[in-house]
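Now for the letters of each chain:
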Amino acid sequence: MANIKSAKKRILVNRTKAARNKAIKSAVKTSIKKVEAAVANKDKEAANSALLEAISTIDKAAAKGVYHKNTSSRKVSRLSKAVNTIA
């Protein structure tokens, strides 16, 4: 257990940031699953709308520093590619 005041504060701040990051990552995963479910059902309309929402969520996560910009770009690229495979 930390004894120094600044170390105690760091523990609290780190917990808060970890909880925030976990919530954001969870939201990203949920939006990705929605896109993948629509692609699996071959529902082009639902897939496109879910893709737009997922891109927004992923970009927000990258802007907040939860994901690296290349990671978010890769996720968006893979989702877009999956949606475009629907005939």
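Worth saying up front: this structure is predicted, and the values here are computed from it rather than measured. (Residues numbered from 1 in each chain as written. Predicted model: local features only at pLDDT ≥ 70, side-chain atom pairs only at ≥ 80, totals over all residues. Heavy atoms only, no water.)

Visitor: Which residues make up the environment of Thr 85, and what values do they have?
Guide: Along the chain, Thr 85 turns up in the segment after helix H3 (69-84). In terms of polar contacts, Thr 85 uses its side chain to reach the backbone carbonyl oxygen of Ala 82, at 2.5 Å. (Helix = DSSP H or I, 4+ residues; strand = E, 2+ residues; numbered from the N terminus. Polar contact = N/O pair within 3.5 Å; in protein donor to acceptor, adjacent residues only side chain to side chain.)

Visitor: Go over the nonpolar core with me, naming the residues and quoting the values.
Guide: Ranked by internal contacts, the top residues of the largest apolar core, which has 18 residues, are Val 35 and Leu 79. For this core, the elements supplying multiple residues, two or more each, are helix H1 (5-40), helix H2 (44-63) and H3. In this structure Leu 79 touches Ile 32, Val 35, Leu 51, Ala 54 and Ile 58, once residues within four positions along its chain are discounted. (Core = buried A, V, L, I, M, F, W, Y, C linked by side-chain atoms within 4.5 Å. Buried < 20%, exposed > 50% of the residue type's maximum accessible area, 1.4 Å probe, protein only. Contact = heavy atoms within 4.5 Å.)

Visitor: An account of the environment of Lys 81 is needed here, citing residue identities and associated values.
Guide: As for its placement among the helices and strands, Lys 81 is situated in helix H3. When the C-alpha positions of Lys 81 and Arg 10 are compared, they lie 41 Å apart, and in sequence the two are 71 residues distant.

Visitor: Give a detailed account of the side chain of Ser 31, specifying residues and quantitative values.
Guide: Tracing the sequence through the fold places Ser 31 in helix H1. Residue class for Ser 31 comes out buried when judged on its relative accessible area of 5%. In contact with Ser 31, other than residues within four places in its own chain, are Ala 54 and Thr 57.

Visitor: Can you lay out a positive patch on the surface for me, pointing to particular residues and giving the numbers?
Guide: Together, Lys 5, Lys 9, Arg 10, Lys 17, Arg 20, Lys 60 and Lys 64 give the surface a local cluster of positive charge. With five residues, H1 is the single largest residue contributor to the positive patch. Within the element layout of this structure, Lys 9 appears in helix H1. Judged by its relative accessible area of 56%, Lys 9 falls in the exposed class. (Patch = residues over 30% accessible without salt bridge, like charges linked within 9 Å, V, L, I, M, F, W, Y side chains within 5 Å. Areas by Shrake-Rupley, 256 points an atom, 1.4 Å probe, with all protein chains shown as cover. Salt bridge = Lys/Arg side-chain N within 4 Å of Asp/Glu carboxyl O. Lys, Arg positive; Asp, Glu negative; His and termini not counted. Charge placed at Lys NZ, Arg CZ, Asp CG, Glu CD.)

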